[in-house]
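Here is how the chains run, residue by residue.
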Amino acid sequence: MASDERTGPADHKIGKTKRGPDLFMVLTWVASVAAVATLLWILESIVTPAWPAIQQTGLSFFTSTAWDANRDRYGALPFLIGTAVSSLIALLFALPLGVFIALFLSENFLPLGIRQVIRFVVELLAAIPSVVYGLWGIAVVIPIVQQFGGYLSDSLGFIPLFSGPATGNSMITASLVLAIMVLPTITAISRTALVAVPPTLREGSYAVGATRWETIFRVLVPTAAPGIVAATILAFGRAMGETMAVAMLIGNSPRLSWSLLSPAGTLAGLLANQFGEAHGLQLSALMYAALALVVLTLFVNMAGEAVLRRAEKATAGIR
Amino acid sequence: MTTATSSIGFAARSLKAVDLNSRVRILRNNFWTFLCVTLSFLTLIPLFSIVFLLLEKGIPLLKPSVFTQLPPAPGLAGGGFGNAIQGTAVMVGLALLFSTPLGVLSAIYLNEYSPKSRLANAVRFVAKLLTGIPSIICGVFAFSVVVLSTGTASALAGGVALAVLTLPTILLTTEQALLGVPKMLREASYGLAATKFQTIFRIVLPEAMPAIMTGIMLAVARAAGETAPVLFTAAFNQYWLKSLMQPAGSLAVLIYNFSTLPYDYQIQMAWTASLVLVALVTMTNIAAQLAFSQRRR
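Reading the values: rules and limits
Residues numbered from 1 in each chain as written. Chains lettered and ligands numbered in written order. Predicted model: local features only at pLDDT ≥ 70, side-chain atom pairs only at ≥ 80, totals over all residues. Heavy atoms only, no water. Helix = DSSP H or I, 4+ residues; strand = E, 2+ residues; numbered from the N terminus. Rg over C-alpha atoms; globule rule 2.2 N^0.38 Å. Buried < 20%, exposed > 50% of the residue type's maximum accessible area, 1.4 Å probe, protein only. Contact = heavy atoms within 4.5 Å. Areas by Shrake-Rupley, 256 points an atom, 1.4 Å probe, with all protein chains shown as cover. Lys, Arg positive; Asp, Glu negative; His and termini not counted. Charge placed at Lys NZ, Arg CZ, Asp CG, Glu CD. Core = buried A, V, L, I, M, F, W, Y, C linked by side-chain atoms within 4.5 Å. Phe/Tyr/Trp six-rings, centres within 6.5 Å; stacked < 30°, edge-to-face > 60°. Buried area = accessible area lost by both parts, 1.4 Å probe. Salt bridge = Lys/Arg side-chain N within 4 Å of Asp/Glu carboxyl O. Nonpolar A, V, L, I, M, F, W, Y, C, P; charged D, E, K, R; others polar. Polar contact = N/O pair within 3.5 Å; in protein donor to acceptor, adjacent residues only side chain to side chain. Axes fitted to C-alpha atoms, helices over the stretch in contact; angles between N-to-C directions. Parallel < 35°, antiparallel > 145°, perpendicular 65-115°, else oblique. Expected span 1.5 Å × (residues − 1). Bend = angle between axes of the 7 residues up to and from the residue. pLDDT = per-residue confidence, 0-100. Patch = residues over 30% accessible without salt bridge, like charges linked within 9 Å, V, L, I, M, F, W, Y side chains within 5 Å.

Draft legend 1. Molecular detail of the overall build of chain B. For chain B, the helix and strand inventory stands at 13 helices and zero strands. Secondary structure elements of chain B occur, N-terminal to C-terminal, as α-α-α-α-α-α-α-α-α-α-α-α-α. Its C-alpha atoms give chain B a radius of gyration of 25 Å, more than 25% over the compact-globule value 19 Å for 297 residues. Expressed as lengths along the three principal axes of its C-alpha atoms, the size of chain B is roughly 80 × 70 × 35 Å. For chain B, buried positions account for 54% of its 297 residues. Across chain B, every contact between residues at least 6 apart in sequence was considered, and the portion connecting residues at least 24 apart equals 73%. Total accessible area computed for chain B in this model is approximately 12,900 Å², and 69% of it derives from carbon and sulfur atoms. When the 20 basic and 8 acidic side-chain charges of chain B are each reduced to a single mean position, those positions are 6 Å apart.

Here it is, written out as C-alpha cells:
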C-alpha cells in the first residue's frame, strides 16, 4: 500500500549514472528472510536435541505416566493433562469475568472516566511480570486455598475432585492465578469485538422493545461471538505457555490426581524446574516436552488467529 | 450501587403500564447490570492486593544500598541486588542489539518495499506466531543454540533468548509505525528527486521514530520482567557480571530463587526486588505511551 510503481522514486538514468541494485532493499530482504527463518531455527534447535528421546520413547512419551529421571523413564502424560486442565479451569473463571468486563467497558453503565480506570487496571494486570504473580500467589492465594480447601476436603472429600489433603501448592491455586493472568487477553479482544458491532443492530433491537440485556444477550454477544471465541482460544494458548507463576504454585508433581487440591504439573513448569540440571536422555526428553508444548501452542494460536480474522471479516460485512 | 440499578433498558423505561411480564424483564435487566458492574470492580481486588503487598513487604528493605550491593548468601541478612539489575540491563540491551536491527529492517521491507509479496505475508504470519510462543521456548532455543555449544550458561545466551522474545513485538509495532506515515510525505520526497533510500532514511524513519520507540520500550518492559527465558540460559550469578560469557544474575531469577528459600530475609528481599521490577516495568510502559502520544500532538 505504501508504495506502488507509479509513485516510486525517479530512476536516476539521466546522464551517465547507472542505477545499481538497491543494496538497502537487499538488506531488508535478508532481514525478512531471517525473521521467517527464526521460527524454523527454533523448531530445528528443539527437534535435534530431542531426537534421541523421540527415537527411544516414540509416541509412548504421550501415553506413559512415569516421569522418573533416576530410572531414565520418561512419560509426559501427567504434564500434558496438567497443562490442559489448568488452562481450562483458568478459562472457566476468566471467560465469564472477562466478557462481563468487556461488556462493562463497551456499554455506558458508568461514565467514561470510571470505565477508563477499569480498563487501565486490566492493562496493568497484563504488565505485571509472571514471577511477581508467583510471589503474590505464594503469599496470598496459597493460604486461602489451604483454608478453604481444608473445609472443602473435610465436607466434600468423598468427591474425588475435592479429596484432601489440601496442600496449598495445587492445581486450583495455579489455575486461579492463571485466570487473573489471562483476563487482560480475553477482555481486550472481546471488547474490540463488541465495539465493532454496528450501532444500528443495537438501535434495531431497542426499537422492537428489547431491554438492554436482552439486546446484549441476543444481539450484541451473538454478533461478537467469533471475536469472543478467538479471545478464548488465544487466552488458552497463553495459559498453556505460562511458566513461572505456574511453576511456583502448582507443586510440580508428576503424579496424576483427580483432586484439584493436590499438586500437579504442567509442561512449561516441568521445563522450568528440570532444565537447569538435566543431562543425557533427561535433557533430550525435556526437549521432547518442549517440542510438544511449542507444537500445541502454535496450533492453538493459529486457530485463534484464523477465527479472529474471520470474526473481523464477519462484522465488517454487516456494515 | 444506585447508578447501576437505575439504568433500565431504554425501551423498558418508556412503558407506561407495567404488567408483570415487563416487571420481570426489568428486574432481570437490573440484575445483570448489577452483576456486570460488580464483577468489573472485583478485578480491582487482585491488583490492589498485589500493589499493597509490594509496598508493604517491599519498602522495609528498600534502601539505596540494595542497588549497589551483592545478594546475601542463603540464611544471611544484608546486601542487595545490584548485580541482578546490572544483569537484567546487560541482557535486555544485548537482546535489543540483535532484535532491533532485524525487526526494523524487515518492517521496512514489509511496508516500504513489497507490502503484498509472499515473503511479506510470511513474515507477518511468523511474527504473529512468534508472539504466541511461550517465553520459556525462547529459553529452550537459546539453551540449545548457545549454552549447549559454549558449554556454559551465559549473559549472551540470556540475551539471545530475550532477542527472540522481543523480535515480534519490535517488528509488528515498527510496521504499524511505518504504516502511520502519510503517503504524501513519500510522494513529496520523490517529487524532489530523492531516491527510495533517501526517502526512507530522511523522511519516513524520522516521522515514524516516536512510534518505533514505543514498540522498543514495550519490548524492553516485557523482556525485563521475563524469568523463563533467562532461567536456565543465564542462570544466576552471585557476583558482578564481568564478561558476556559468564552466567548472569537478573532481577526476575533472583525473585524466583529467593521466593523458594525458607529464610524470611530472602523472601523480604524477593518482595523488594519485585517492587523495583514492577516499578521499572510500569515506568517503561508509561514512558512508551508518552512517546507515542507526543506524535499525536
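Picking up after the structure, the text goes on.
Draft legend 2. Quick look at the nonpolar core. Core analysis: the biggest nonpolar cluster contains 185 residues, and Tyr133(A), Trp136(A), Leu271(A), Phe275(A), Phe81(B), Ile136(B) and Ile137(B) have the highest contact counts within it. When residues in this core are grouped by element, the largest group, 14 residues, is from helix H10 (residues 280–318) of chain A. Residues within four places of Phe81(B) in sequence aside, it is in contact with Val66(B), Gln69(B), Leu251(B), Leu254(B), Met269(B), Thr272(B), Ala273(B) and Val276(B). Among the nonpolar cores identified, the runner-up in size contains five residues, and Ala230(A), Ala231(A), Leu234(A) and Leu308(A) belong to it.

Draft legend 3. Region of the structure containing the packing of aromatic side chains. Under the defined criterion, the tally for this structure stands at 24 aromatic pairs over all chains. Here the aromatic cluster, defined as three or more aromatic residues joined through ring pairs, consists of Phe61(A), Phe62(A), Trp67(A), Tyr74(A), Phe79(A) and Tyr288(A).

Draft legend 4. Fine view of unusual backbone geometry. Residue and element names in this part refer to chain A. Positive phi, close to 60°, is recorded for Asp72, a residue that is not glycine. Unlike most non-glycine residues, Asn252 shows phi in positive territory, near 50°. Topologically, Asn252 is positioned in the loop between helix H8 (244–249) and helix H9 (267–274). The class of Asn252 is partly exposed, set by a relative accessible area of 25%.

Draft legend 5. Focus on the interface of chain B and chain A. Counting residues at the interface gives 85 residues for chain B, matched by 80 residues for chain A. Summed over both partners, the interface of chain B with chain A buries about 7,500 Å², with 79% contributed by carbon and sulfur atoms. For the pair chain B and chain A, the interface holds one salt bridge. Notably, a salt bridge pairs Arg25(B) with Glu214(A), separated by 2.7 Å at the nearest N-O pair. Top contributing element to the side of chain B that touches chain A by residue count: helix H3 (residues 20–42) of chain B, with 10 residues. In terms of residue class, the side of chain B that touches chain A is built from 58 nonpolar, 19 polar and eight charged.

Draft legend 6. Examining the side chain of Ser253(A) more closely. Residue and element names in this part refer to chain A. Counting through the fold element by element, Ser253 comes out in the loop between H8 and H9. Under the relative-accessibility criterion, Ser253 is labelled buried at 13%. Polar side-chain contacts of Ser253 include one of 3.0 Å to the backbone nitrogen of Arg255. Filtering out sequence-adjacent residues up to four positions away, Ser253 remains in contact with Phe79, Pro263, Ala264 and Gly265.

Draft legend 7. Examining the packing of H3(B) against helix H4 (residues 44–58) of chain B more closely. Residues and elements named next belong to chain B. Taken N-terminus to C-terminus, the directions of H3 and H4 make an angle of 15°; their axes are 5 Å apart at the nearest point. As summarised for this structure, H3 and H4 are arranged roughly parallel, according to the angle between their axes. Every residue of H4 that contacts H3 at Ser40, Phe41 and Leu42 is listed here: Leu44, Ile45 and Pro46. Among the residues making up the contact of H3 with H4, the classes are represented as five nonpolar, one polar and no charged.

Draft legend 8. Representation of helix H1 (residues 23–57) of chain A in the model. All names here are of chain A. The terminal C-alpha atoms of H1, which comprises 35 residues, lie 49 Å apart, in line with the 51 Å expected from a rise of 1.5 Å per residue. Residue Ala50 marks the point of greatest curvature in H1, where the axis turns by about 55°; the proline Pro52 follows within four residues. Regarding H1, its N-cap is Asp22, as a side-chain oxygen of that residue lies 3.2 Å from the backbone nitrogen of Phe24 further along. Positive backbone phi, approximately 60°, marks Gly58, located one or two places after H1.

Draft legend 9. Focus on the confidence of the model for chain A. Residues and elements named next belong to chain A. Scored by pLDDT, chain A has a mean of 88; 92% of the residues are at 70 or more. Mean pLDDT per element in chain A: strand E1 (residues 67–68) is the minimum at 86, and helix H2 (residues 77–106) is the maximum at 95. Here residues 1–6 scores under 50 on pLDDT; set against residues more than four positions off or in separate chains, the count is 10 contacts.

Draft legend 10. Local environment of the packing of helix H4 (residues 130–156) of chain A against H4(B). Here H4(A) crosses H4(B) at 85°, and the two axes come no closer than 11 Å. Taken together, the axes of H4(A) and H4(B) are roughly perpendicular relative to one another. Taken together, the residues of H4(B) that come into contact with H4(A) (itself represented by Val132(A), Tyr133(A), Trp136(A), Ala139(A) and Val140(A)) are Pro46(B), Ser49(B), Ile50(B), Leu53(B), Leu54(B) and Lys57(B). Tallied by class, residues from the contact of H4(A) with H4(B) come to nine nonpolar, one polar and one charged.

Draft legend 11. Seen up close, a nonpolar patch on the surface. Residue and element names in this part refer to chain A. Taken together, the side chains of Leu23, Val26, Trp29, Val30 and Val33 present a nonpolar region at the surface, about 460 Å² in accessible area. Following the sequence through the fold, Leu23 ends up in helix H1. Judged by relative accessible area, which is 66%, Leu23 ranks as exposed.

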